[in-house]
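So the chains spell out like this:
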Amino acid sequence: MHLDGKIPGGPLPQKWERRKFEYALVSPANRRKYRVLVVGTGLAGASCAATLGELGYRVECVIFHDSPRRAHSIAAQGGINAAKNYQNDGDSVQRLFQDTIKGGDYRAREGNVYRLAEVSLRIIDQCVAQGVPFAREYGGKLANRSFGGAQVSRTFYARGQTGQQLLLGAYQALLRQVQAGTVRISPRTEMLDLVVANGKARGIVARDLVTGELRTFVADAVVLATGGYGNAYFLSTYARNSNATAIWRAHRRGAYFANPCFTQIHPTCIPVSGEHQSKLTLMSESLRNDGRIWVPLRAGDERSPEQIPEAERDYYLERRYPSYGNLSPRDVASRAAKAVCDEGRGVGPSGLGVYLDFSDAIRRLGANVIAERYGNLFDMYAEITGEDPYRTPMRIYPAIHYTMGGLWVDYDLMSTIDGLFVTGEANFSDHGANRLGASALMQGLADGYFIAPLAVGSYLARAKPPAVDATHPAFEAARKDTAARIERLLSARGKRTAASFHRELGKLLWDECGMSRNREGLERALARIPEMRERFYREILIPGHGESLNRELETAGRVADYFELAELICRDALHREESCGGHFREEHQTPDGEALRDDEHFAYVAAWEWREGEPPALHKEPLVFEAAPPMQRSYK
Amino acid sequence: MRIALEVWRQRSPEEPGRFVRYETTEASPDMSLLELLDVINEGLVSEGEEPIAFDSDCREGICGTCGFMVNGLAHGPLQGAATCQVYLRSFRDGETLFLEPFRAHAFPLIKDLVINRSALDRIITAGGYVSVNTGNAPEANTSTIPKDLAEQAMDAAACIACGACIAACPNASAALFTGAKITHLGKLPEGQPERGRRALRMVRAAAAEGFGHCTFAGECETACPKSIPLQVITQMNHDYLAARLRGEGRATARHIEPGTPKKRR
Ligand SMILES: Cc1cc2nc3c(=O)[nH]c(=O)nc-3n(C[C@H](O)[C@H](O)[C@H](O)COP(=O)(O)OP(=O)(O)OC[C@H]3O[C@@H](n4cnc5c(N)ncnc54)[C@H](O)[C@@H]3O)c2cc1C
Ligand code: SF4
Ligand code: FES
């Protein structure tokens, strides 16, 4: 199949205007005849569902959470980018576009990214109007901070709770539509399959997590806003229940999966403390402004940090990247941490950690200044580790944080299945091989408030989907399939929990397809995953039955899908014989250990097609760079 | 370290519940209380027994999904922390912890420690928003908001809808939760046009859900993981009363039957 990104013609700044004018419209009176199903109410889903409701469509939301406000977006801390140029520091739509393309290591579409930068302006307007309490200056105007990968201050924030406040804005807009009668929400309901009838996405099969009942939802168009798939790695900064089932099931029904190996690892997270650990906690990137990162010079040095004299410390980021030092970008800083730990110089009980030391900054500025800047982060650290970062250096280690890959979508956010739209982290669209800080929230809201509602309307106006109901054979078949999958899991009579398999799979992925990857390791993983999956189906045990709240069953279903997804991640990583952004292949590096891109052979989007019983087929969408010609990233 | 748990087990709302004792030696001080439950559950499952059902998601105190009573305290012993932020180093070696669900008439039990808190969504649905459609918004910096007002709005907006304030309240009142949203939006210029209407509708919705009235017992403020201050309740009462006194929500257009002759005075 030829992958057509459907980018509008004309110069970059006119593409989106042009496309909006090309869109077909549904008249206000006709909108209520169409039903749109939105799965997920994070930033991308809640904003989209609310806007569709305001326009007058009948909207149905399905979420596994107990309330729309609990989506994982709530946990985003740092902020949201927009090219407002309120600081008069030379920012512009063009500059945000350039930064995002370069930050993504030239693996994103120019057309999409330019539109994202343009739309960013209106997001902030909309959120302020909803009552999002962004940080303000004394004069009462909006405040900004700076973030990695940019030389301007364009990040808007609400303390350390930006995601929470943006999500509450979208959530309140959504509930306002519930009150108006345009939106209906089914909480604690998990999508387990997509229904494609006559070549078009027409609904889903979902399980009521409280009663166990399998329900079908019929619609004229389906929007997936179900978030990222980083939890395939088990330990990550994601919420515990974030999972890949919705996009994976859509993939199996015909939606191509793009760039699955583009995963982001965040350098500053609290290290793993033991076997029982359930998740990893992010410590904001901003700490690297004042903290110095180091490890002992000598491997196996067991002394406590205070006892190690200055001369026996290695401030390795400052040494290797003198011009960026401790503020090197996420992918570079993460790999450097791994390298020193691999040499046996890691710190802490597990040896997987590096020091983030504030003693210089405290001496220079005083503890009270540091407390003012980072007090809440220091408290969070102390709460989790029981150590006081004012006295002893923090220990940090990289962790899985975000997935740039996702379902392939065209410029109109439609997947390779007609009528299936994908928004937010669930799609692959705007971040290439590496996402810049504070850009995920921007993308989710751009998709949800300003892009998807227009694109969905135009699709409905043109496709005029004929009426179907849940008795259509496609619904019947999907329901049977889902029931059979559940039955297969429940009937296994082993002894192990799904979580124990998840931990095993996650460790394999982290070791072989984490911060750095090589052919041998990836091939090893590809051989082990099917074997592990087979054991999973044999050895798993799920007590209780399917007709009530059954957390083990929920977990098992998600883990079953991770096995298949993990294979695709490794396959994609194996095929991409270059290093770019979050994807570092050891075979492809410069003599001094930096990522080596291969634009001649790999400047394309890798979109994988599921094939039953056969390896997936690779389709390539070439990337063309006209406004932002590729260059080598260097931070020396 | 050794910790014993007495956990409320109840298979469904219809069946009776009871405390069941679990003992473990696998606990360690840097383990969180929820991780201890994970470990106990893993053991239960491998013996073919149903694990303890409890809710959690972010495990860093921001999503509001977790929450149960620990030794009679909502979210456990620490001020300003949600259940997922409680680590075992807060307890003594050999201690027994009683875990039971948040209890309130408006929070029906689903299973074990899991409850249904959708009543909180319905309070927001009644009016906890600014009515502004996508596309309506003016340029963001046209509104000027004094920094301290923005900060106060943010203090109130930090609520995570966990329901601990209700579980801790002798009246099971949702005043802290409702007041937090009324205060957040009521402090900002964007929230002014609907301020009275919002207070009236949200307060009535809370009563209709079966939450009790506030008698300023103050338990909610101690239980709240986000340290939402009691003042939000004062603000709520103020906005509600002001709207009542203004007769807001009652004004309807004067209707005159067509063909009615003029009255001579
Ligand atoms: C700790 C942390 C901090 C971050 N900080 C920042 C930041 O400062 N700035 C920034 O820009 N980005 C940040 N990010 C990234 C950003 O938060 C996410 O990428 C973004 O919020 C994803 O939003 P979303 O709407 O796509 O998905 P989510 O918010 O993950 O929502 C997914 C929704 O889908 C539903 N769902 C999923 N699967 C199913 C299913 N099968 N059936 C039914 N419902 C389903 C869920 O119920 C939920 O409602 C951070 C991420 C983390 C982990
Ligand atoms: S006010 Fe506090 S205790 Fe009550 S729901 Fe909000 S965060 Fe929870
Ligand atoms: S699990 Fe999110 S607040 Fe506790």
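Please read all numbers here as calculations on a predicted model, not as lab measurements.

Trainee: Describe in detail the overall build of chain B, supporting the description with residues and values.
Mentor: When its secondary structure is counted, chain B shows 8 helices and 7 strands. Its C-alpha atoms give chain B a radius of gyration of 23 Å, more than 25% over the compact-globule value 18 Å for 265 residues. Each of the three principal axes of chain B carries a C-alpha extent, and together these read 90 × 45 × 40 Å. The burial tally for chain B puts 58% of its 265 residues in the buried class. Total accessible area on chain B stands at roughly 11900 Å², and carbon and sulfur atoms take up 51% of it. In chain B, the 29 positive side-chain charges and the 32 negative ones have mean positions that sit 16 Å from each other.

Trainee: Quick rundown of the interface of chain B and chain A? Include the residues and the values.
Mentor: Counting residues at the interface gives 75 residues for chain B and 76 residues for chain A. Both faces considered, chain B and chain A share a buried interface measuring about 6300 Å² in area, 49% of it formed by carbon and sulfur atoms. Three residues stand out in chain B for area buried against chain A, namely Asp57(B), Thr134(B) and Met154(B), and they jointly supply 11% of the buried area on that side. At the boundary of chain B and chain A, one finds 9 salt bridges. In this structure, Arg240(A) engages Asp38(B) in a salt bridge whose closest nitrogen and oxygen atoms are separated by 3.7 Å. Between chain B and chain A we count 48 residue pairs in polar contact (both at pLDDT 80 or more) in total. If you list the elements that add at least two residues to the side of chain B that touches chain A, you get α1 (33-46), β6 (109-111), β7 (114-115), α2 (118-125), α3 (147-157) and α5 (175-186) of chain B. Counting residues per element, the side of chain B that touches chain A draws most heavily on α3(B), at 7 residues. Taken together, the residues of the side of chain B that touches chain A sort by class into 34 nonpolar, 19 polar and 22 charged.

Trainee: With reference to specific residues and values, describe the site of ligand 2.
Mentor: Residue and element names in this part refer to chain B. What surrounds ligand 2 is the set Cys159, Ile160, Ala161, Cys162, Gly163, Ala164, Cys165, Leu176, Phe177, Cys224, Pro225 and Ile228. Broken down by secondary-structure element, the contributors of at least two residues to the shell around ligand 2 are α4 (164-168) and α5. Partitioned by chemical class, the residues of the shell around ligand 2 number 11 nonpolar, 1 polar and no charged.

Trainee: Got a sec to walk through the domain arrangement of chain B? Specific residues and values, please.
Mentor: All names here are of chain B. Here chain B is partitioned into domain 1 (3-111) and domain 2 (117-130 + 144-246). The centre of domain 1, based on its C-alpha atoms, is set 28 Å off from the matching centre of domain 2. With 20 residues of domain 1 in contact, the opposing surface of domain 2 contributes 20 residues. On the domain 1 side of the interface with domain 2, the three residues burying the most area are Gly64, Ala106 and Phe107, jointly 33% of the side's total. Counting across the interface, domain 1 meets domain 2 through 0 salt bridges. Here domain 1 is connected to domain 2 by 3 residue pairs in polar contact (both at pLDDT 80 or more).

Trainee: Outline the pattern of salt bridges, supporting the account with residue identities and numerical values.
Mentor: Between side chains of opposite charge, a pair can form as their charged atoms come close. Tallying each qualifying case throughout the model produces 81 salt bridges over all chains. Note that Glu60(B) and Lys279(A) form a salt bridge whose closest N and O atoms lie 3.1 Å from each other. Of this pair, Glu60(B) sits in the loop between α1 and β3 (69-70) while Lys279(A) sits in the loop between β11 (263-269) and β12 (292-296), placing the two residues on different chains. A relative accessible area of 6% means that Lys279(A) is categorised as buried. In this structure, Arg9(B) engages Asp112(B) in a salt bridge whose closest nitrogen and oxygen atoms are separated by 3.2 Å.

Trainee: Which residues make up the site of ligand 1, and what values go with them?
Mentor: All names here are of chain A. Taken together, 36 residues surround ligand 1, and among them His65, Ser73, Gly78, Met191 and Glu425 come closest. Side-chain polar atom of Ser73 to an oxygen atom of ligand 1: 2.5 Å apart, as the coordinates give it. One of the backbone N or O atoms of Ala225 is found 3.4 Å from an oxygen atom in ligand 1. Look at ligand 1: alone it shows 1000 Å² of surface, and the protein chains cover 97% of it. Residue assignment for the shell around ligand 1 shows that the elements contributing at least two residues are α3 (43-55), β6 (189-197), β15 (394-403) and α12 (440-463). It is β6 that provides the largest number of residues to the shell around ligand 1, a total of 3 residues.

Trainee: Quick rundown of the environment of Ile7(A)? Include the residues and the values.
Mentor: For Ile7(A), the position within the fold is in the segment before α1 (12-22). Apart from the residues within four sequence positions on either side, Ile7(A) is in contact with Lys15(A), Arg19(A), Arg109(A), Gly111(A), Asn112(A) and Tyr411(A).

Trainee: Explain the packing of α5(B) against helix α8 (residues 231-245) of chain B to me, using residue names and the numbers behind them.
Mentor: Residues and elements named next belong to chain B. Relative orientation of the contacting elements α5 and α8 amounts to 70°, with a least axis distance of 8 Å. It follows that α5 is roughly perpendicular to α8 by the angle criterion. Where α5 approaches α8, its residues Ala175, Leu176, Thr178, Gly179, Ala180, Ile182 and Thr183 are matched on the opposing element by Val232, Ile233, Gln235, Met236 and Asp239. Split into classes, the residues belonging to the contact of α5 with α8 amount to 7 nonpolar, 4 polar and 1 charged.

Trainee: So what's going on with the packing of helix α13 (residues 473-491) of chain A against helix α16 (residues 551-575) of chain A? Residues and values would help.
Mentor: Residues and elements named next belong to chain A. It is at 10 Å that the axes of α13 and α16 come closest, and there the two elements cross at 110°. By the angle between their axes, α13 is roughly perpendicular relative to α16. In the crossing of α13 with α16, the sense of the turn from one axis to the other is right-handed. Residues Ile486, Leu489 and Leu490 of α13 pack against Leu553, Ala556 and Gly557 of α16. For the contact of α13 with α16, a count of residues per class yields 5 nonpolar, 1 polar and no charged.

Trainee: Before we move on, could you go through the domain arrangement of chain A and cite the residues and values that matter?
Mentor: Residues and elements named next belong to chain A. Domain assignment breaks chain A into domain 1 (267-400) and domain 2 (475-598). The interface is formed by 11 residues belonging to domain 1 together with 11 residues belonging to domain 2. Here domain 1 and domain 2 share an interface that buries about 870 Å² over both sides, 56% of which is from carbon and sulfur atoms. Area buried by domain 1 at its contact with domain 2 is led by Glu275, Arg335 and Lys338, which between them contribute 50% of it. Viewed at the interface, domain 2 and domain 1 are joined by 1 salt bridge. The residue Glu594 makes a salt bridge to Arg320 at a minimum N-O spacing of 3.9 Å.

Trainee: Any chance you could break down the sheet that holds strand β16 (residues 406-407) of chain A for me, citing the residues and the numbers?
Mentor: Residues and elements named next belong to chain A. What the 4 strands build is an open sheet, ordered β16-β10-β18-β19; its pairing is antiparallel. Looking along the sheet, the strands with just one partner apiece sit at the ends: β16 and β19 (617-622). Relative to strand β18 (residues 604-609), strand β10 (residues 257-258) runs antiparallel, the two sharing 2 bridges. Paired with Phe257 across the strands is Trp608, a residue of β18.

About the thresholds
Residues numbered from 1 in each chain as written. Chains lettered and ligands numbered in written order. Predicted model: local features only at pLDDT ≥ 70, side-chain atom pairs only at ≥ 80, totals over all residues. Heavy atoms only, no water. Helix = DSSP H or I, 4+ residues; strand = E, 2+ residues; numbered from the N terminus. Rg over C-alpha atoms; globule rule 2.2 N^0.38 Å. Buried < 20%, exposed > 50% of the residue type's maximum accessible area, 1.4 Å probe, protein only. Areas by Shrake-Rupley, 256 points an atom, 1.4 Å probe, with all protein chains shown as cover. Lys, Arg positive; Asp, Glu negative; His and termini not counted. Charge placed at Lys NZ, Arg CZ, Asp CG, Glu CD. Contact = heavy atoms within 4.5 Å. Buried area = accessible area lost by both parts, 1.4 Å probe. Salt bridge = Lys/Arg side-chain N within 4 Å of Asp/Glu carboxyl O. Polar contact = N/O pair within 3.5 Å; in protein donor to acceptor, adjacent residues only side chain to side chain. Nonpolar A, V, L, I, M, F, W, Y, C, P; charged D, E, K, R; others polar. Near = heavy atom within 4 Å. Domains from an automatic or database assignment. Axes fitted to C-alpha atoms, helices over the stretch in contact; angles between N-to-C directions. Parallel < 35°, antiparallel > 145°, perpendicular 65-115°, else oblique. Left-handed = near helix turned anticlockwise from the far one by under 90°. Pairing = 2+ DSSP bridges.

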